[in-house]
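Per-entry structural report
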Amino acid sequence: MTVSVYYSPVRFRLHNMEMKTSRKMPRQKVVCWLLAALGFLGNVDIVRCDAGSAVYTMCDSSSQVVQAGIEGGIVSPYIQPPDKVNCTLKLTGFPEFSWFGLTVETFTLKCSYNCHWRRPSPFNCNNEVSYVQINNKGDKLCDGNNVEEIYYFNELSTSLNINFYSDYMETSDMFNLTYRVATAISIDGLSLPRELNAGARSSGFIVSHSDYGPDDYKPSTNSQLTLTNVSAVDIHFVVLDLEDYTPCYDYLLIWGANETKICQDVDAGLMGQTITFQASNNRELVLRFVSGSRGQTTGFLLKYTGELPEIYTFIQIYTFIHFKCYELPFFDSRCSRCAI
């Protein structure tokens, strides 16, 4: 028998015993030692499927295929001497129907130069361009085109490419970009309710619709997303922009142990705030997004952090017995077991 225990990044409880995080001892070791005493159960695996963020450098040949996580950063390479640059960073590990947003923090490379004097010859005049793009299509990020964010919706693909091109990059040129990966509640052409296992991915982002960013949400929306395997969920309202009418035609309905209806005219002040919602008895929290026949505006961007039930387990049968303990990032393929 194998007992695999998935535990919260905050704390792990076993019966009436509570083990809190200790800076002196890694949490996973504390939990493993505690459960080692239960070896008679058979094979015990301790797994935490966590979501993290990282900063990746373009044109770094050692890391050009990387795991996206739920958010992160992308920075320019250091070029010495000035040179032409053309490289791709592949972000992987996207669930189906993932929304992706890439935002400029700093970008000093000009979109184009009508005539750039190359060194060492002062007579070599070139028309040159620089940009960052997603999958070599759509809008481009650069200094001069007034585009601060670009977006992409991954319907079925589990990866996307960040493309960086520059005809002539100086040592002083640079960019610093941040990105977010989110699950969309409303998806064009897909009307069935969907589930997101927040027990497996304890935190993440949610957007109102798959075209969030470039386009407003559509009228007559009625879509639902259910967060499963949680006892409670903290929701931080990063952006909240629904059509402001009284009565409330466009709203976000959240229900678990209780029901909360969020409307722009009453709840606009929630933007930037975090609210804790208790899940239902079956460990679910439902988010339903509804818009009226005229409703069209920006929508919303939320960040959720799920609190796992006190013990979240599943059992598999093996013909051998051993004890194993490990901690996984959320994108590891073995974390697919969290969906059971």
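Attention here is on the structure that accompanies the text.

Rules used in this analysis
Residues numbered from 1 in each chain as written. Predicted model: local features only at pLDDT ≥ 70, side-chain atom pairs only at ≥ 80, totals over all residues. Heavy atoms only, no water. Phe/Tyr/Trp six-rings, centres within 6.5 Å; stacked < 30°, edge-to-face > 60°. Helix = DSSP H or I, 4+ residues; strand = E, 2+ residues; numbered from the N terminus. Buried < 20%, exposed > 50% of the residue type's maximum accessible area, 1.4 Å probe, protein only. Lys NZ or Arg CZ within 6 Å of the ring centre and 35° of its normal. Disulfide = S-S within 2.5 Å. Pairing = 2+ DSSP bridges. Axes fitted to C-alpha atoms, helices over the stretch in contact; angles between N-to-C directions. Contact = heavy atoms within 4.5 Å. Salt bridge = Lys/Arg side-chain N within 4 Å of Asp/Glu carboxyl O. Core = buried A, V, L, I, M, F, W, Y, C linked by side-chain atoms within 4.5 Å.

As a further point, take the packing of aromatic side chains. Scanning the entire structure with this criterion turns up nine aromatic pairs. With a centroid separation of 5.7 Å and 35° between ring planes, the pair formed by Trp-99 and Tyr-151 is classed as tilted. Residue Trp-99 is located in strand S10 (residues 98–107), and its partner Tyr-151 is located in strand S14 (residues 149–154); the two are separated by 52 residues in the primary sequence. Since its relative accessible area comes to 4%, Trp-99 is described here as buried. Directly above the ring of Tyr-131 sits Lys-140, whose terminal nitrogen or CZ lies 4.0 Å from the centroid. Stacked on the ring of Tyr-251, the Lys or Arg Lys-261 has its end atom at 4.3 Å from the ring centre.

Looking now at the state of the cysteines. Within this structure, the stated rule accounts for three disulfides. Between Cys-59 and Cys-87 runs a disulfide, and the two sulfur atoms are separated by 2.1 Å. Because the sign of the S-S torsion sets the handedness, a value of about -60° for the bond joining Cys-59 and Cys-87 places this disulfide among the left-handed ones. One end of the pair, Cys-59, is in the loop between strand S6 (53–57) and strand S7 (65–67); the other, Cys-87, is in strand S9 (residues 83–92), and 28 residues separate them in sequence. Classification of Cys-87 by relative accessible area gives buried; the value is 12%. The partner cysteine of Cys-248 in its disulfide is Cys-263, sulfur to sulfur 2.1 Å. Where Cys-248 bonds to Cys-263 through sulfur, the torsion about that S-S bond is close to -100°, and the disulfide is left-handed. In this pair, Cys-248 sits in the loop between strand S20 (232–241) and strand S21 (251–255) while Cys-263 sits in strand S22 (residues 259–263), placing the two residues 15 residues apart along the sequence. Neither Cys-248 nor Cys-263 differs from the other in exposure class; each is buried.

Before going further, it helps to spend a moment on the sheet that holds strand S17 (residues 194–197). Each strand in a sheet pairs with another by means of backbone hydrogen bonds, the pair being arranged parallel or else antiparallel. If you trace the five strands from one edge of the open sheet to the other, you get S17-S19-S24-S21-S22, paired in mixed fashion. Two strands in the sheet have a free side with no partner beyond their single neighbour: S17 and S22. Pairwise comparison of adjacent strand axes, ignoring direction, gives a mean angle of 20° for this sheet. Across five bridges, S21 lies against S22 in antiparallel orientation. Following the sheet pairing, Ile-254 is matched in S22 by Thr-260.

Moving on, we get to the pairing of strand S25 (residues 299–307). For strand S18 (residues 203–209) and S25, the ladder comprises five bridges, and the chain directions are antiparallel. Paired with Ile-206 across the strands is Leu-302, a residue of S25. Bridge analysis of S20 against S25 gives nine bridges, and the strand direction is antiparallel. Across the sheet, the residue bridging to Val-239 is Leu-301, located in S25.

Its location among the elements puts Gln-264 in helix H2 (residues 264–267). Sequence-distant contacts of Gln-264, defined by excluding residues within four places in its chain, comprise Leu-240, Asp-241, Leu-242, Glu-243 and Asp-244.

To continue, consider the pattern of salt bridges. For the coordinates displayed, the defined rule picks out four salt bridges. Two residues, Asp-143 and Lys-110, come together in a salt bridge whose shortest N-O distance is 3.2 Å. Of this pair, Asp-143 sits in the loop between strand S13 (137–141) and S14 while Lys-110 is found in the loop between S10 and strand S11 (112–117), placing the two residues 33 residues apart along the sequence. Since its relative accessible area comes to 28%, Asp-143 is described here as partly exposed. In this structure, Asp-211 and Lys-218 form a salt bridge, with 3.6 Å as the shortest nitrogen-oxygen distance.

Attention now moves to the nonpolar core. With 33 residues, the main nonpolar core has Leu-91, Phe-100, Leu-102 and Ile-162 as its most contacted residues. With five residues, the single largest contributor to this core is strand S15 (residues 159–169). Within the second largest apolar cluster, 25 residues are counted, among which are Ile-206, Leu-225, Leu-240 and Tyr-304.

What follows is about the pairing of S9. Looking along a regular strand, one sees the side chains alternate between the two faces of the sheet. Pairing of S7 with S9 involves three bridges; the strand directions are parallel. Of the residues in S9, the one forming a bridge with Gln-67 is Thr-92. In the sheet, S9 pairs with S15 via nine bridges, with the strands oriented antiparallel. Paired with Leu-91 across the two strands is Leu-160, which belongs to S15.

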